[in-house]
Amino acid sequence: MYNPEQIKNFYNNYGMREWERFNLTAYDRINYLLHMHFLQGHIGKGKKVLDAGCGAGRFSIAIAQSGSEVTLLDISDEQINIARNKILESALSGRVSNFIVGDLCEMSMIEDETFDTTVCYGVALNYLFDNLSKGVSELVRVTKRGGTILISVNSKWGVIHSLLGKENFDILDFFGRPDYWYIDKVVDTGDLPQHPGVSHPPRHFFDAEELMGVLQKAGLKDIALGSSPCLTAGFSSKVELLEKDDKAWETIIRLEEKSHCLPTMLDYGEFLLAKGVREYLI
């Protein structure tokens, strides 16, 4: 089911929406802030960082702003073009090593053990299906011994949970037609085939236990998982109200940061976050 050309075409057509999607609403901003919180300690001055599946470069810019030297890679040439323009607008070109149009399953243009930190945020791994092990292995290969790999993927239970509170969404149609929407197939297997009501290419949705197994199999150590958004998952209209009050906003962000890595909350958010360390040579 992995079709790189289909994925490339989708994101070429998706265009600027990829740049905008982490800043459209207060809910999106919480999602962005939690992804960044999870990244802290792994970027900064002196760090060489790969942003694999970088999309339009929103995280790449934050990584460069931290003082890191960043390389951007994406399967979509249109997304790389947008990212290059955003980097130029931000006056951060001096902290970018390279822009690469490429498939994260085949990064032969990058030497082994190049990066201190490798980031693969978004849903790039959700598209890989049988190529998942190969993709994760490539992320590990290009990371230095003792370096950290950070990823995010769509969460199986988190996405279903978030739909319960989604604005302007026909909840009766969705939950009232489980066969049409492949609800039980997604729950039982994680797999969502191509669907006429879904614009994305086919995806595999993860739960926390499965994702932990994927990273353990890849040989990573000191694995940590998180969810994003966490407490506010599915409550987009409430989050809009919270952002209008500085103290309320500060409070909910603090609580999100405290809760999002709790074992009891991992399958709660739309995204599963994960990070692990590539072992040192013995």
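Chains are numbered independently. Their residues run from 1 in the order of the written sequence. Local features in a predicted model are, by the rule used here, given only for residues with pLDDT of at least 70; side-chain atom pairs are given and counted only at 80 or more, and totals for whole chains, interfaces and linings are based on all residues. Excluding hydrogens and water, the side-chain values take into account all heavy atoms of the structure.

A strand pair is defined by DSSP finding two or more bridges across the two strands. Secondary structure elements follow DSSP: runs of H or I of four or more residues count as helices, runs of E of two or more count as strands, with numbering from the N terminus. Spatial strand order, β3-β2-β1-β4-β5-β9-β8: seven strands in an open sheet with mixed pairing. Every interior strand has two partners, whereas the edge strands, β3 (96-101) and β8 (220-228), have only one. Within the sheet, the average angular offset between the axes of one strand and its neighbour, ignoring direction, is 15 degrees. Looking at chain direction, strand β1 (residues 48-52) and strand β2 (residues 69-74) are connected through five bridges and run parallel. Considered in β2, the bridge of Ala 52 is made with Leu 73. Residue contacts are counted whenever heavy atoms from the two residues lie within 4.5 Å of one another. For helices, the fitted line uses only the C-alpha atoms of the stretch in contact; every axis is such a line through C-alpha atoms, and the angle between N-to-C directions lies from 0 to 180 degrees. The strands touched by helix α4 (residues 58-65) are β1, β2 and β4 (115-120); relative to β2, the strand with the most contacts, the crossing angle is about 170 degrees. On the sheet, helix α10 (residues 208-217) packs against β5 (143-154), β8 and β9 (271-278) and is oriented at approximately 150 degrees with respect to β8.

Turning next to the packing of helix α3 (residues 26-39) against α4. Where α3 meets α4, the closest approach of the two axes is 12 Å, and the angle between their N-to-C directions is 45 degrees. Comparing the axis directions of α3 and α4 gives the class oblique. Here the hand of the crossing between α3 and α4 comes out right-handed. Each of Tyr 32, His 35, Met 36 and Leu 39 in α3 lies in contact with α4, whose residues at this interface are Arg 58, Phe 59, Ala 62 and Ile 63. Three residue categories are used. Nonpolar comprises Ala, Val, Leu, Ile, Met, Phe, Trp, Tyr, Cys and Pro, charged comprises Asp, Glu, Lys and Arg, and polar comprises the others, including Gly. Each residue belonging to the contact of α3 with α4 can be placed in one class, and the counts come to six nonpolar, one polar and one charged. In these notes the angle categories are as follows: under 35 degrees is roughly parallel, over 145 is roughly antiparallel, 65 to 115 is roughly perpendicular, and the rest is oblique. Crossing handedness follows the turn of the near helix against the far one: under a right angle anticlockwise gives a left-handed crossing, and clockwise gives a right-handed one.

The next thing to look at is unusual backbone geometry. Between Ser 228 and the following residue, Pro 229, the backbone shows a cis peptide bond with an omega angle of -20 degrees. We note that Tyr 182 has phi near 60 degrees; this positive angle belongs to a residue other than glycine. Phi is positive for Asp 222, close to 50 degrees, though the residue is something other than glycine. Its place among the elements puts Asp 222 in strand β8.

For the rest of this paragraph, the subject is helix α5 (residues 77-89). Under the 1.5 Å per step criterion, the end-to-end length of α5 is 18 Å for 13 residues, consistent within 8% with the ideal 18 Å. Burial status follows relative accessibility: with a 1.4 Å probe on protein chains alone, a residue under 20% of its type maximum counts as buried, one over 50% as exposed, and anything between as partly exposed. Here α5 has its buried residues at Gln 79, Ile 80, Ile 82, Ala 83, Lys 86 and Ile 87. The buried side chains of α5 occupy one side of the element, clustering within an arc of 160 degrees when seen end-on. Of the exposed residues in α5, the ones pointing more than 90 degrees away from its buried face are Leu 88 and Glu 89. N or O atoms closer than or at 3.5 Å make up a polar contact, with two conditions inside protein: a donor-capable atom paired with an acceptor-capable one, and, for residues adjacent in sequence, both atoms drawn from side chains. By the N-cap criterion, in which a side-chain oxygen at the helix start approaches the backbone nitrogen of a residue two or three places on, α5 is capped by Ser 76, the distance to Glu 78 being 3.3 Å. Taken from the residues just after α5, Ala 91 is the one with a positive phi, measuring 60 degrees. For a helix, the expected span equals 1.5 Å multiplied by the number of residues minus one. In this description, one arc is meant: the one made by directions from the helix axis to the C-beta atoms.

Residues qualify for a patch when their relative accessible area is over 30% and they have no salt bridge, like charges being joined within 9 Å and the nonpolar side chains of Val, Leu, Ile, Met, Phe, Trp and Tyr within 5 Å. Every accessible area reported is derived by Shrake-Rupley at a probe size of 1.4 Å, with residue values counting cover from the shown protein chains alone. Any carboxyl oxygen of Asp or Glu within 4 Å of a side-chain nitrogen of Lys or Arg constitutes a salt bridge here. On the surface, Leu 164, Ile 171, Leu 172 and Phe 175 cluster together into a nonpolar patch covering about 390 Å² of accessible area. Mapping Leu 164 onto the fold places it in the loop between α7 (156-163) and α8 (171-176). Judged by relative accessible area, which is 53%, Leu 164 ranks as exposed.

This part covers the packing of aromatic side chains. The pairing test for Phe, Tyr and Trp rings, Trp by its six-membered ring, is centres within 6.5 Å, and the orientation test on the planes gives stacked under 30 degrees, edge-to-face over 60, and tilted for anything in between. Following the criterion strictly, the structure yields twelve aromatic pairs and no others. Between Phe 174 and Phe 175, the ring centres sit 4.9 Å apart and the planes meet at 90 degrees, which makes this aromatic pair edge-to-face. You can call Phe 174 buried: its relative accessible area is 11%. By relative accessible area, which is 34% here, Phe 175 ends up partly exposed. Ring geometry for Tyr 180 and Trp 181: centres 4.9 Å apart, planes at 85 degrees, overall edge-to-face.

A separate point is the packing of α3 against helix α12 (residues 246-259). One can describe the packing of α3 onto α12 by two numbers: an axis separation of 10 Å at closest approach and a directional angle of 45 degrees. Taken together, the axes of α3 and α12 are oblique relative to one another. For α3 against α12, the interelement crossing comes out right-handed. Two secondary-structure elements touch here, α3 through Ala 26, Ile 30, Leu 33, Leu 34 and His 37 and α12 through Trp 249, Ile 252, Ile 253, Glu 256 and Glu 257. Grouping the constituent residues of the contact of α3 with α12 by class yields seven nonpolar, one polar and two charged.

In short, the description is geometric, and any link to function would need to be established separately.
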